[in-house]
Amino acid sequence: MLHLKLETDPRWATIAEENIEEILTDHAWCEQKACTNAITIITHNSQYEDLVTDLLELAKEELEHFQMVHEIIKKRGYTLGRERKDHYVNQLYKFMNKGGSHLQSMVDRLLFSAMIEARSCERFKLLSQRIKDKELSKFYYDLMVSEAGHYTTFIGFARKYGQDIDVDKRWKELVAFEGELIKSYGKSETIHG
Ligand SMILES: [Fe+2]
Ligand SMILES: [Fe+2]
C-alpha cells in the first residue's frame, strides 16, 4: 500500500529494542513534530475547510500519540529526554519546491508529510513484528494503523487540490528521492535513524 522503494533492514528493530529508552524519547518528539506540522499546514491553507477539519483531527491524534509515548516513558521509570533532531526529515525537507506557486508548495508539503507517515508506518510495522516486549509490540501495531490513515489523508488532499499539478509524477519523484536517502539510514536508535 505504501509503495516505498526500500524496506528497512530488520536488524534496525534489534538496535531499537536494545535502546528502547532512547527510541521512546525520539519517538515522543516525532509525534510532537507531526502535530506541529499539521498545524503549520492548517495555518498556510486555512481557506480549505475540509483540509482544516481533517488536519485538526490528525493534529489531535498526533498529540494523543505524544501523550501515549510519554505515559509509557513514565510507567517504565524512564525520563523524556530533550528534543532530538530528525536528520532524515531534515534531508527529506530539501525535496520540497521552494519559490513555486502556493498550490505547488501545498502539494509538496502534503506529499512530504505523507512520506514521513509512510516511512514511520513501515518502521512501526517492523517494531510490532520484531519486538519481544508484548506491550510495545501491540502499541506499535496500533500506531502503524493510525499513521497509515494519516498517509491516506495527506495523499488524498494532495490529489484533491493539486488537480492542475501532476501529483502522481511528483509523488514518484519523492519516492525515488526517499529511496536513495534511506539507504544511509536504518543503523541507529531513532525512529527514522
Ligand atoms: Fe503519530
Ligand atoms: Fe501520523
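Computed from a predicted structure; not experimentally measured.

What counts as what
- Residues numbered from 1 in each chain as written.
- Chains lettered and ligands numbered in written order.
- Predicted model: local features only at pLDDT ≥ 70, side-chain atom pairs only at ≥ 80, totals over all residues.
- Heavy atoms only, no water.
- Donors = N, O, S within 2.8 Å, 3.2 Å for Na, K, Ca; no water.
- Buried < 20%, exposed > 50% of the residue type's maximum accessible area, 1.4 Å probe, protein only.
- pLDDT = per-residue confidence, 0-100.
- Helix = DSSP H or I, 4+ residues; strand = E, 2+ residues; numbered from the N terminus.
- Tetrahedral: all angles 85-135°; square planar, octahedral: opposite > 155°, others 65-115°.
- Disulfide = S-S within 2.5 Å.
- Phe/Tyr/Trp six-rings, centres within 6.5 Å; stacked < 30°, edge-to-face > 60°.
- Lys NZ or Arg CZ within 6 Å of the ring centre and 35° of its normal.

*Asks:* Quick question: what am I supposed to make of the coordination of the iron ion (ligand 2) here?
*Replies:* Tetrahedral coordination by four donors places them ideally at 109.5 degrees to one another around the metal; octahedral coordination by six donors ideally gives 90 or 180 degrees. Taken together, Glu-62 (OE), Glu-117 (OE), Glu-117 (OE), Glu-147 (OE) and His-150 (ND1) make up the protein donors of the iron ion (ligand 2), found 1.9 to 2.4 Å from the metal. Summarised as a motif, the one-chain spacing of the donors to the iron ion (ligand 2) is E-x54-E-x29-E-x2-H. Assessed through its relative accessible area of 6%, Glu-117 is described here as buried.

*Asks:* How do you make sense of the confidence of the model for the chain when you look at a structure like this?
*Replies:* Segments scoring low in pLDDT should not have their predicted coordinates read at a detailed level. Averaged over every residue, the pLDDT of the chain is 95; residues scoring 70 or more account for 99%. Per-residue pLDDT, averaged within each element of the chain, yields its smallest value for helix H1 (residues 11-18) (94) and its largest for helix H3 (residues 49-75) (98).

*Asks:* Got a minute to help me understand the coordination of the iron ion (ligand 1) in this structure?
*Replies:* Coordination sphere of the iron ion (ligand 1), protein contribution only: Glu-31 (OE), Glu-62 (OE), His-65 (ND1) and Glu-147 (OE), at 2.0 to 2.2 Å. One can describe the site at the iron ion (ligand 1) as irregular: its 4 donor atoms subtend angles covering 90 to 141° at the metal. Considered as a linear motif, the donors of the iron ion (ligand 1) on their single chain read E-x30-E-x2-H-x81-E. Taken as a pair, the iron ion (ligand 1) and the iron ion (ligand 2) show a spacing of 3.6 Å, with Glu-62 coordinating each metal. Residue His-65 is found in helix H3, and its partner Glu-147 is found in helix H6 (residues 134-161); the two are separated by 82 residues along the sequence. Look at His-65 and you get buried, because its relative accessible area is 5%.

*Asks:* Is there a simple way to think about the environment of Leu-143 in this case?
*Replies:* Among the secondary structure elements, Leu-143 is positioned in helix H6. Residue class for Leu-143 comes out buried when judged on its relative accessible area of 2%. In this structure the C-alpha to C-alpha distance between Leu-143 and Glu-62, which are 81 residues apart in sequence, comes to 9.9 Å.

*Asks:* Hey, could you run me through the state of the cysteines in this one?
*Replies:* Note on terminology: disulfide describes a covalent bond linking the sulfur atoms of two cysteines. Throughout the structure, instances matching the rule amount to 0 disulfides. Of all cysteine sulfurs, the one in Cys-35 lies closest to Cys-30, which takes part in no disulfide; the gap is 13 Å. Its sulfur unpaired, Cys-121 is 14 Å from the next cysteine sulfur, which belongs to Cys-30.

*Asks:* I keep staring at the packing of aromatic side chains and nothing clicks. Help me out?
*Replies:* Aromatic rings in a pair are described by how distant their centres are and how their planes are angled relative to each other. All told, the structure shown has 9 aromatic pairs when counted by the stated rule. Where Tyr-88 meets Tyr-185, the ring centres are 5.8 Å apart and the plane angle is 80°; that geometry is what we call edge-to-face. Taken together, the residues Tyr-88 in helix H4 (residues 87-93) and Tyr-185 in the segment after helix H7 (167-181) connect sequence positions 97 residues apart. In this pair, the class of Tyr-88 matches that of Tyr-185, namely buried. With 6.0 Å between their ring centres and 55° between their planes, Tyr-151 and Trp-171 make a pair best called tilted. With Tyr-151 in helix H6 and Trp-171 in helix H7, the pair connects residues that are 20 residues apart, well separated along the chain. Like Tyr-151, the residue Trp-171 is buried in the burial classification. Three or more aromatic residues joined by ring pairs make a cluster, and in this case those are Tyr-48, Phe-157 and Tyr-161. A cation over a ring is seen here: Arg-123 above Trp-12, with NZ or CZ 4.5 Å from the ring centre.

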